[in-house]
Amino acid sequence: MKPPPFRHVAPRTVDEAVTALAEADGHGKVLAGGQSLVPLLNMRLAAPSVLVDVNGVTGLDGIEVTDDAVVVGATVRHRDLERHAAADAALPVLRQALVHVAHPVIRNRGTVVGSLVHADPAAELPAVLVLLGGHVDVVSRDDRRSIDAEALFVAPLESSLRPDELAVSATFPRLAATTATAVRELARRHGDYAMAGVCVAVDRDDERATVTGARAVFIGVTDTPTLVDLGEDLAGQGCHDLDTVAAVARARDAIDPTDDIHATADYRRHLAGVMLARALADAATGREDA
Ligand SMILES: Cc1cc2nc3c(=O)[nH]c(=O)nc-3n(C[C@H](O)[C@H](O)[C@H](O)COP(=O)(O)OP(=O)(O)OC[C@H]3O[C@@H](n4cnc5c(N)ncnc54)[C@H](O)[C@@H]3O)c2cc1C
């Protein structure tokens, strides 16, 4: 199918981009990697009159690794971040999650910030942003603000950005050196969206080889990414002999999966628990996720 007619605008600066969005008066859409938006246009599930193509905007393609965070510009592709050695050293959970995003051809084009703003409940990066307590910086013609992860995801495919706002960067805060992460998910075919997945952070006392805290955010089983604190169930346990039964039960109670053509809600809930137990063991023992 072909998309409905639209005007294509190719700004060179952030100011030009947000001016074009303001002038579109609620009928404009940012075009980043196009990996989600173009299918929506072709299926006529979206019909913006103006596409503001930000791929040529200068200054949005940087990855900055600071003492506190990894900051990713709006036109950084999944693949750029996945292959960024300093970002991987600072926050391994980024690459752990990115390798699960679709196929390399899609990761070559799709953007990290676009994935966050698109707010797909089956996407990996929104869960990572919530796990880390990150934020997105957005700009409009008259304003500039930061949106914390927990305020960004409103509903499936709905973020709290206004139609005249451009997200210019995402900030992923670094974790303590004693905190390890893992991402586990299961998809029917390699590269598909996960039927259920999870990313976890486990705080460790490495001298005693014990867990001191843990939290998880599920992928594909909740409408929006939700942080589940598992510290009460896991703190004090040995890293190499974790008993995850109570943590899995708590987490399964916190999620509300639905039936779809790929899986029943019950199967999804079961799968989410299995993925959680595996991810916790990965992070507690320092294994890389599978
Ligand atoms: C076959 C297939 C499989 C996929 N599998 C996965 C998967 O397993 N996991 C996963 O996470 N994703 C998956 N994706 C989606 C992919 O990761 C997309 O790249 C991503 O969701 C959107 O990024 P994009 O840059 O392509 O955004 P676009 O498609 O350009 O835009 C998506 C939406 O976000 C808005 N937007 C984008 N950037 C900005 C910005 N800077 N400011 C304001 N609004 C903005 C757009 O207006 C649009 O509404 C898949 C896609 C395909 C086609």
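Shown above is the structure to which this text applies.
Computed from a prediction, not measured in an experiment: that's the story for all the values here.

Calculation criteria
Residues numbered from 1 in each chain as written. Predicted model: local features only at pLDDT ≥ 70, side-chain atom pairs only at ≥ 80, totals over all residues. Heavy atoms only, no water. Axes fitted to C-alpha atoms, helices over the stretch in contact; angles between N-to-C directions. Helix = DSSP H or I, 4+ residues; strand = E, 2+ residues; numbered from the N terminus. Parallel < 35°, antiparallel > 145°, perpendicular 65-115°, else oblique. Left-handed = near helix turned anticlockwise from the far one by under 90°. Contact = heavy atoms within 4.5 Å. Nonpolar A, V, L, I, M, F, W, Y, C, P; charged D, E, K, R; others polar. Buried < 20%, exposed > 50% of the residue type's maximum accessible area, 1.4 Å probe, protein only. Pairing = 2+ DSSP bridges. Right-handed = clockwise from strand over helix to strand, strands pointing away. Core = buried A, V, L, I, M, F, W, Y, C linked by side-chain atoms within 4.5 Å.

Side note on the packing of helix H11 (residues 245–254) against helix H12 (residues 265–285)
Consideration 1: Packing of H11 against H12 brings their axes to within 9 Å, and their N-to-C directions diverge by 135°. Classed by the angle they form, the pair H11 and H12 counts as oblique. For the pair H11 and H12, the crossing hand works out as right-handed. Side by side, H11 and H12 meet where Ala-247, Val-248, Ala-251 and Arg-252 of the first sit next to Arg-269, His-270, Gly-273, Leu-276, Ala-277 and Leu-280 of the second.
Consideration 2: Within the contact of H11 with H12, the residues separate by chemical class into six nonpolar, two polar and two charged.

Topic: the pairing of strand E3 (residues 50–53)
Consideration 1: Neither face of E3 is open: one carries Val-50 and Val-52, the other Leu-51 and Asp-53, and all of them are buried.
Consideration 2: Two strands pair when backbone bridges link them, and strand E1 (residues 7–9) and E3 are joined in this way by three bridges, in the parallel orientation. Among the inter-strand pairings, Val-9 is bridged to a residue of E3, identified as Val-52.
Consideration 3: As paired elements, strand E2 (residues 28–31) and E3 share four bridges and run parallel to each other. Note that in E3 the partner of Leu-31 across the bridge is Asp-53.
Consideration 4: Each parallel crossover has a hand, and for E2 linked through helix H2 (residues 37–42) to E3 it is right-handed.

Some points on the sheet that holds E2
Strand pairing in a sheet relies on backbone hydrogen bonds, with the paired strands running either antiparallel or parallel.
Consideration 1: In space, the three strands of this open sheet follow the order E1-E3-E2, with parallel pairing throughout. Two strands bound the open sheet, and with one partner strand each, they are E1 and E2. Taking each pair of neighbouring strands and ignoring which way they run, the sheet shows an average axis angle of 25°.

Overview of the nonpolar core
One recurring pattern in soluble globular proteins: nonpolar side chains tend to sit buried together.
Consideration 1: In this structure, Leu-81 and Phe-172 are the most contacted members of the largest nonpolar core, which totals 56 residues.
Consideration 2: In terms of residue count, the dominant contributor to this core is helix H8 (residues 124–132) (seven residues).
Consideration 3: Leu-81 has contacts with Ile-63, Val-70, Val-72, Val-76, Ala-87, Leu-94, Leu-98 and Val-112, leaving out every residue within four places of it along the chain.
Consideration 4: Ranked by size, the runner-up nonpolar core spans 30 residues in total, among them Met-195, Val-198, Cys-239 and Ala-279.

These figures come from the coordinates and say nothing about function on their own.
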